[in-house]
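Each chain is listed here by its residues.
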Amino acid sequence: MFGGGRGGPHGSMLQRETSKPRNVSETLWRLGGYFKPFWPMLLLAVALIVISTWAQVTSPELLGQAVDCYLSPTQAASSFGNFPGAPTQTTQQAASTCWYDPAAAAGALSNDARLAGLGGIVLRLLGLYALGAVATGLTFYSMSWAGQHVLRSLRVAVFNHLHRLSLGYYAENEAGNLMSRITNDSDTIQQAISFALVQVASGALLLVWIAYNMLSMSVPFALISLAMVPFMWFATKWFSDQARKAFRKTRTAIGDVNAELQQSIAGVREVQAFSREQENIDNFRNVNAANRDANIRAVAFTAALAPTLQAMGYAAMALVAGVGGFLVLRNQPFFGVTISLGLVITFIAYVQRFNQPIQQLAVLWTNIQSAVAGGERIFGLLDVVPDVQDKPNAQDMQTIKGAVELVDAHAEYEKGVPVLRGVNFKAEPGQMIAIVGPTGAGKTTIINLIPRFYDVTGGAVKIDGVDVRDVTKANRRKQIGIVLQDRFLFSDTVMNNIRFGRPEATDEEVIAAAQLARADTFMERMPDG
């Protein structure tokens, strides 16, 4: 039925994310924008939801009509006839609200005709159940299809944006946490789109439709039937608010786990070199324990909500059965409306169906809250503006000759903490210059300024007399070769790693580059060299 520094484990961006206000409607609106290219499938899903809901709303009415049209007259004679003052068959028939079969309402049917009419209702009910099942299945398929396409677009957008962000952003945020945005957070959104969103939409429509039908049949009896709704709404709101806060913490906690895991694996050589294995294990144990506690708290609210609403749903059904049964036995109108046994059964079925989506909406809404929290993190990443961007009028750089000049260059990674102060020098084409200094003197910073991985905070960096900020990044970087301090190899062949900067390079050009770097000898010693 029913850590410290720019790359610590708690970087500045995560701190900003924790403190900034959340806007659920804005997140859902932005997420909805990704569905625009797939609106035909969404329209199909909406139509299927309407058909499925119509089947669920119609079946309780047919159940009530089966009782009022074909069962109540015989039951009146056999069940109530032995009690003093019980309504006679004629009286009971007059109190019937049968509209499905006029002949049955007039009491002019034989037992065989009643059985035939009852069989017809049963067949209709079976058809409605089958139609609802097929429509529901197709709804989930269509939403899953659209959801997977939206998820692909969202992941591609995040991946593209990650490649446009400046290096300063990666210095402040762990790779594991960023990976969590593409994997865990997007998976949470996918689950909500494929299942929870359909259930919430169909459940909301079912609630409105059932409430309308109940009020159109009998406003007083409907108000009694819906008496528990305010309490269910209050419980749902409180538990949902608590669950959303808890699920947001789980998204942050799993990001910390991924960051710690990625950092430990990437630095395993250094960890073993300095015998830091046990410290890393302890750190991971603590981060994992925080993730466990956050998930347990979130699940606790979800688990408590369902039985709370279920108990209220049973209370609502008992109220309808008690009040309705009393009115049927007394055979008296209720505020001018005849309350028949079939009407009571219809209302009991409506209350049951009304309670089910409330419970489902409450439980699934917590899943949607988790997806919203994940969406906030993803859109928070997409909203990050790169520190280094091309000017609107930036031009492609002419072929570089090689003159590099720093003019009164100032640079800093953190505001107010300068790394370079008024540096001036010029390197002519073909000239070799060694920059020497202690750790932190700014050697790597100077190299990072030339391809414009970072921007100067004062002065200028010029190549062939042109300020690097006046030309496009992509064109300039294609003409600059850098031997980075931190080595990295992609999971590919050595040849493809060498041609990474020039995918169109021929095999002969790659071999020539390897020979120039004197890397050909060790490559030839490799198994597939």
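As the structure is a prediction and not an experimental result, all values here were calculated from the model.

### Some details on the overall build of the chain
Item 1. Secondary structure assignment for the chain yields 18 helices and four strands.
Item 2. By element, 61% of the accessible surface of the chain is carried by carbon and sulfur atoms, the whole surface being about 29100 Å².

### So, helix α12 (residues 277-330)
Item 1. With 54 residues, α12 extends 80 Å from end C-alpha to end C-alpha; this agrees with the ideal 80 Å at 1.5 Å per step.
Item 2. Just downstream of α12, Asn331 is the residue with a positive phi angle, here 55 degrees.

### Topic: the nonpolar core
Item 1. Judged by nonpolar contacts, the single largest core of 66 residues is most densely connected at Met214 and Ile339.
Item 2. If one sorts the elements of this core by residue count, helix α13 (residues 341-382) sits on top with 16 residues.
Item 3. With sequence-adjacent residues up to four places away left out, Met214 is seen in contact with Ala222, Ser225, Leu226, Phe347, Tyr350 and Val351.
Item 4. In terms of nonpolar packing, the next biggest core, distinct from the first, is built from 17 residues, Ala409, Leu420, Val423 and Val461 among them.

### Let's talk about the pattern of salt bridges
Item 1. A full pass over the atoms with the stated rule returns nine salt bridges.
Item 2. As a salt-bridge pair, Arg30 and Asp383 come within 2.8 Å of each other at their nearest N and O atoms. In this pair, Arg30 sits in helix α2 (residues 24-33) while Asp383 sits in the loop between α13 and β1 (404-414), placing the two residues 353 residues apart along the sequence.
Item 3. For Arg30, a relative accessible area of 28% gives the class partly exposed.
Item 4. Among the residues examined, Asp383 registers a relative accessible area of 45% and is labelled partly exposed.
Item 5. Note that Asp293 and Arg292 form a salt bridge whose closest N and O atoms lie 3.0 Å from each other.

### Let's talk about the pairing of strand β3 (residues 458-463)
Item 1. In this sheet, β3 lies alongside β1 in antiparallel orientation, the contact comprising five bridges. Within the sheet, the bridge partner assigned to Val407 lies in β3 and is Ala460.
Item 2. Strand direction decides the pairing type here: β3 and strand β4 (residues 466-467), joined by two bridges, are antiparallel. Bridge pairing in β4 links Ile463 to Val466.
Item 3. Joining the antiparallel neighbours β3 and β4 is a turn of two residues, in which Asp464 adopts a positive phi near 55 degrees.

### Here's the deal with the environment of Phe347
Item 1. Tracing the chain through its elements places Phe347 in helix α13.
Item 2. Measuring from C-alpha to C-alpha, the distance between Phe347 and Gly324 comes to 8.9 Å, with 23 residues separating the pair along the chain.
Item 3. Among all residues touching Phe347, those that are not within four sequence positions of it are Met214, Met217, Ser218, Phe221, Ala222, Ser225 and Val320.

### Re a nonpolar patch on the surface
Item 1. On the surface, a cluster of nonpolar side chains totalling about 400 Å² of accessible area is made up of Val122, Leu123, Leu126 and Tyr129.
Item 2. Looking at the secondary structure, you find Leu126 in helix α6 (residues 111-164).
Item 3. The class of Leu126 is exposed, set by a relative accessible area of 52%.

### Observations concerning the sheet that holds β4
Item 1. In spatial order, the strands read β2-β1-β3-β4; together these four strands make up an open sheet with antiparallel pairing. At either margin of the open sheet sits one strand with a lone partner, and together these are β2 (417-427) and β4.

Calculation rules
- Numbering of residues starts from 1 in every chain and runs along the sequence as written.
- Since the coordinates come from a predicted model, pLDDT governs what is reported: local features require at least 70, and pairs of side-chain atoms require 80 or more to be given and counted, while whole-chain, interface and lining totals use all residues.
- As a convention, hydrogens and water are excluded, and side-chain values are obtained from all of the structure's heavy atoms.
- Only DSSP runs of H or I reaching four residues or more are called helices, and only runs of E reaching two or more are called strands; each is numbered from the N terminus.
- Residue-level accessible areas treat just the shown protein chains as cover; the underlying method is Shrake-Rupley with a 1.4 Å probe.
- Any helix carries an expected span of 1.5 Å times its number of residues minus one.
- Side-chain atoms within 4.5 Å are what join buried Ala, Val, Leu, Ile, Met, Phe, Trp, Tyr and Cys residues into a set we call a nonpolar core.
- Burial classes: relative accessible area under 20% of the type maximum marks a residue as buried, over 50% as exposed, and values in between as partly exposed (1.4 Å probe, protein chains only).
- Residues count as neighbours in contact if any of their non-hydrogen atoms are within 4.5 Å of one another.
- Salt bridge, as used here, is a side-chain nitrogen of Lys or Arg placed within 4 Å of a carboxyl oxygen of Asp or Glu.
- Being paired, for any two strands, means DSSP has found at least two bridges between them.
- Patch membership requires more than 30% relative accessible area and the absence of a salt bridge. Residues of like charge join within 9 Å; the nonpolar side chains Val, Leu, Ile, Met, Phe, Trp and Tyr join within 5 Å.

These figures come from the coordinates and say nothing about function on their own.
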